[in-house]
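Structural overview
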Amino acid sequence: MKLVFATNNLNKLKEVQALLPSTITLLSLKDIGCLEDIPETQATIEGNAIQKAEYIKNHYGYDCFADDTGLEVEALNNEPGVFSARYAGEQRDANDNMDKLLSELQTKNDRTAQFKTVIALHLNDELQTFTGICKGKITKERHGEKGFGYDPIFQPKGYTKTFAEMDLELKNNIGHRGKAVNKLIAFLLLVNS
């Protein structure tokens, strides 16, 4: 089975490919010649994932899946949420985003947060969604060099390390994206059997 993963984020592509069985070949947007920015104009994480999957299906005709992920911080009314990638501006810079978030939380005692990933799958003209959530908290400073995005300041519940201090296998096992991808894989294996 060949599936397009509607992302230009090579880190996400690598994380997901590591989880998929060898019977599923993952194609990137570059592989199908999609070089334009896919619109993400919805008000929810779910809405953006669905919008991206439908865009690829409608414009390129491939079965595909797309994800959208947001970091939701309780003390900030679940911000940055759907705006996580561009929290500090359209430049989508991870360090700027972390600086802004840490600054917003300076006067807050509650640092409870969660990462939420929604995957929208467009397969055989049907749409399915799969959600993964990882609860944790925002640290007061960066720790670790691995991962991407907010990983250096997100500490999953029950762990003393941030995502950026964990190896990819552990992060995939406990993380939001891994949980959503595992639901996607279970569904694909069922459909393929």
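Residues numbered from 1 in each chain as written. Predicted model: local features only at pLDDT ≥ 70, side-chain atom pairs only at ≥ 80, totals over all residues. Heavy atoms only, no water.

The subject of this paragraph is the environment of N9. Its location among the elements puts N9 in the loop between β1 (2-5) and α1 (10-19). Judged by relative accessible area, which is 25%, N9 ranks as partly exposed. Taking the C-alpha atoms as reference points, N9 and S84, separated by 75 residues in sequence, lie 14 Å from one another. (Helix = DSSP H or I, 4+ residues; strand = E, 2+ residues; numbered from the N terminus. Buried < 20%, exposed > 50% of the residue type's maximum accessible area, 1.4 Å probe, protein only.)

When the UniProt feature table is mapped onto this chain, "active site" (unreviewed entry) is found at D68. With respect to the helices and strands, D68 occurs in strand β3 (residues 64-73). On the accessibility criterion, D68 (6% relative accessible area) is buried. Setting aside residues no more than four positions away along its own chain, D68 makes contact with E40, I45, N48, A49, K52, V82, K116, T117 and V118. (UniProt positions renumbered as here; feature names shortened; annotations may be inferred. Contact = heavy atoms within 4.5 Å.)

This part covers the pairing of strand β5 (residues 112-123). Burial of β5 is extensive: 11 of the 12 residues sit out of reach of the surface. By the bridge criterion, 10 bridges tie β3 to β5 in an arrangement that is antiparallel. Its bridge partner lying in β5, F65 is registered against L121. For β5 and strand β6 (residues 126-138), the ladder comprises 12 bridges, and the chain directions are antiparallel. Across the sheet, Q114 pairs through a bridge with K135, a residue of β6. Joining the antiparallel neighbours β5 and β6 is a turn of 2 residues, in which N124 adopts a positive phi near 50°. (Pairing = 2+ DSSP bridges.)

What follows deals with the pairing of β3. Among the 10 residues in β3, 10 count as buried, and that is most of the element. Side chains C64, A66, D68, G70 and E72 of β3 all project onto a buried face; the interleaved residues F65, D67, T69, L71 and V73 project onto the opposite face, where all are buried too. In terms of strand pairing, β1 meets β3 through 2 bridges, oriented parallel. What sits directly across from F5, in β3, is F65. Of the pairings in the sheet, the one linking β3 to strand β4 (residues 79-81) comprises 3 bridges and is antiparallel in character. When the bridges of β4 are listed, V73 appears paired with E79. Taking the residues between adjacent antiparallel strands as the criterion, β3 and β4 are bridged by 5 residues, where N77 takes a positive phi near 55°.

Looking now at helix α5 (residues 176-192). The terminal C-alpha atoms of α5 lie 24 Å apart, and with 17 residues this matches the ideal 24 Å at 1.5 Å per residue to within 8%. Residues of α5 that are buried include every one of H176, R177, G178, A180, V181, L184, I185 and L188, and no others. (Expected span 1.5 Å × (residues − 1).)

We now examine the nonpolar core. One finds L71, V73, L101, I138, Y150 and F154 to be the most contacted residues of the largest nonpolar core, which totals 18 residues. Put simply, the parts of the chain that give this core at least two residues each are β3, α3 (94-104), β5 and β6. Of the residues forming this core, the biggest block, 3 residues, is contributed by α3. With sequence-adjacent residues up to four places away left out, L71 is seen in contact with N78, E79, P80, G81, S84, L101, A113, Q114, F115, I138, Y150 and F154. Core analysis: the second largest hydrophobic core is formed by 17 residues, L3, I24, L121 and V181 among them. (Core = buried A, V, L, I, M, F, W, Y, C linked by side-chain atoms within 4.5 Å.)

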